[in-house]
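An overview of the molecular structure
Residues per chain, in single letters:
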Amino acid sequence: MKALSVVFGCMVGLLSFAQAQRPFGDACLGTWTGTMYIYRQGAVKDSVPVRHTVARTADPNAWTWKTEYLSPKHPVVKDYVLRLKDPAKGIYVTDEGNGIELADHLFGNKLYSVFETQGIVLTATYELSGNQLIFEVTSGRKQAAASQEVTTFSVDNLQRVVFRR
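Read on for a plain summary of the structure. (Residues numbered from 1 in each chain as written. Predicted model: local features only at pLDDT ≥ 70, side-chain atom pairs only at ≥ 80, totals over all residues. Heavy atoms only, no water.)

Observations regarding the overall build of the chain
For the record, the criterion: Secondary structure follows DSSP: runs of H or I at least 4 residues long count as helices, runs of E at least 2 residues long count as strands, and numbering of each begins at the N terminus. Summary of the burial criterion: residues with accessible area below 20% of their type's maximum are buried, those above 50% are exposed, and those between are partly exposed, where the area comes from a 1.4 Å probe applied to protein chains only. Method for areas: the Shrake-Rupley scheme with a 1.4 Å probe, in which residue coverage is limited to the protein chains shown.
Each helix and strand in the chain was counted, giving two helices and 10 strands. Starting at the N terminus, the α and β elements of the chain follow one another as α-α-β-β-β-β-β-β-β-β-β-β. A total of 165 residues make up the chain; the buried ones form 32% of that total. Carbon and sulfur atoms make up 54% of the accessible area of the chain, which amounts to about 10300 Å² in all.

Thoughts on the pairing of strand S1 (residues 30–40)
Applied cut-off: Strands are labelled as partners when DSSP assigns at least two bridges between them.
The sheet contact formed by S1 and strand S2 (residues 43–56) spans 11 bridges and is antiparallel. In the sheet register, Thr33 faces S2, and the bridge partner there is Arg51. Counting the residues between successive antiparallel strands, the hairpin from S1 to S2 contains two residues, one of them, Gln41, with a positive phi of roughly 50°. In the sheet, S1 pairs with strand S10 (residues 157–164) via six bridges, with the strands oriented antiparallel. What sits directly across from Tyr37, in S10, is Arg160.

Quick notes on the pattern of salt bridges
Close approach of charged atoms allows side chains of opposite charge to pair. Using the following cut-off: Put simply, a salt bridge is a Lys or Arg side-chain nitrogen that is within 4 Å of an Asp or Glu carboxyl oxygen.
Within this structure, the stated rule accounts for five salt bridges. Here Arg56 makes a salt bridge to Asp26, at a shortest N to O gap of 3.5 Å. Taken together, the residues Arg56 in strand S2 and Asp26 in helix H2 (residues 24–27) connect sequence positions 30 residues apart. Owing to a relative accessible area of 58%, Arg56 belongs among the exposed residues under this scheme. Of the charged contacts, one joins Glu136 and Arg160 as a salt bridge, the two residues approaching to 2.5 Å between their closest N and O atoms. Of this pair, Glu136 sits in strand S9 (residues 132–140) while Arg160 sits in strand S10, and the two are 24 residues apart along the sequence.

Section: the layout of surface pockets
Remark: the empty space left among the atoms is shown by a probe the size of a water molecule rolled over them. Here is the rule we go by: Cavity and pocket criteria rest on a 1 Å grid covering protein atoms alone: a 1.4 Å probe that fits but cannot get out defines a cavity, protein on both sides within 12 Å along at least 5 of 7 lines defines an open pocket, and an atom within 4 Å of a point defines a lining residue. Grid points are joined across faces, edges and corners, and a volume is the space filled by probe spheres set on the points. Here the nonpolar group is Ala, Val, Leu, Ile, Met, Phe, Trp, Tyr, Cys and Pro; Asp, Glu, Lys and Arg are the charged ones; every other residue, Gly included, is treated as polar.
The volume enclosed by the largest pocket comes to roughly 710 Å³. In terms of lining residues, the largest pocket is bounded by 31 residues, among which Tyr69, Tyr80, Phe135, Val137 and Gln159 are the most central. For the lining of the largest pocket, a count of residues per class yields 18 nonpolar, 10 polar and three charged.

That is the geometry; function is a separate question.
Shown next as structure tokens:
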């Protein structure tokens, strides 16, 4: 029980830190480039050059959040909007368009999102670390229940890119 109190205290401290800093979108302004490495079950399977552009919009609480996967064979553009929903709680939303919005939670310099689609659980993070923006996405599926109290999920895939401005 004491350990739970310590964890809760740390979480409150991180949340307080998140409230005191400038919006995450402002901290990420600019054009970032890097290489995304795609892992499957622990081994690199592919890589692709990536460009990520963050710019202000007319709304002071929204930023363009555009990611371009610069594959010669299969280029993809993800043109999203990052919105600050609740500054006091560090809650953001990634608006993918077509009514799809992903909840994001800021702790310190790291933005977290966890969601499920078509039976696959994904975690996505953006972390500002010095002059780098680190983007990671993991994906996996629900595992067979070993206990009624705990549900576990695999981590089958990882996409990771270290961006630099």
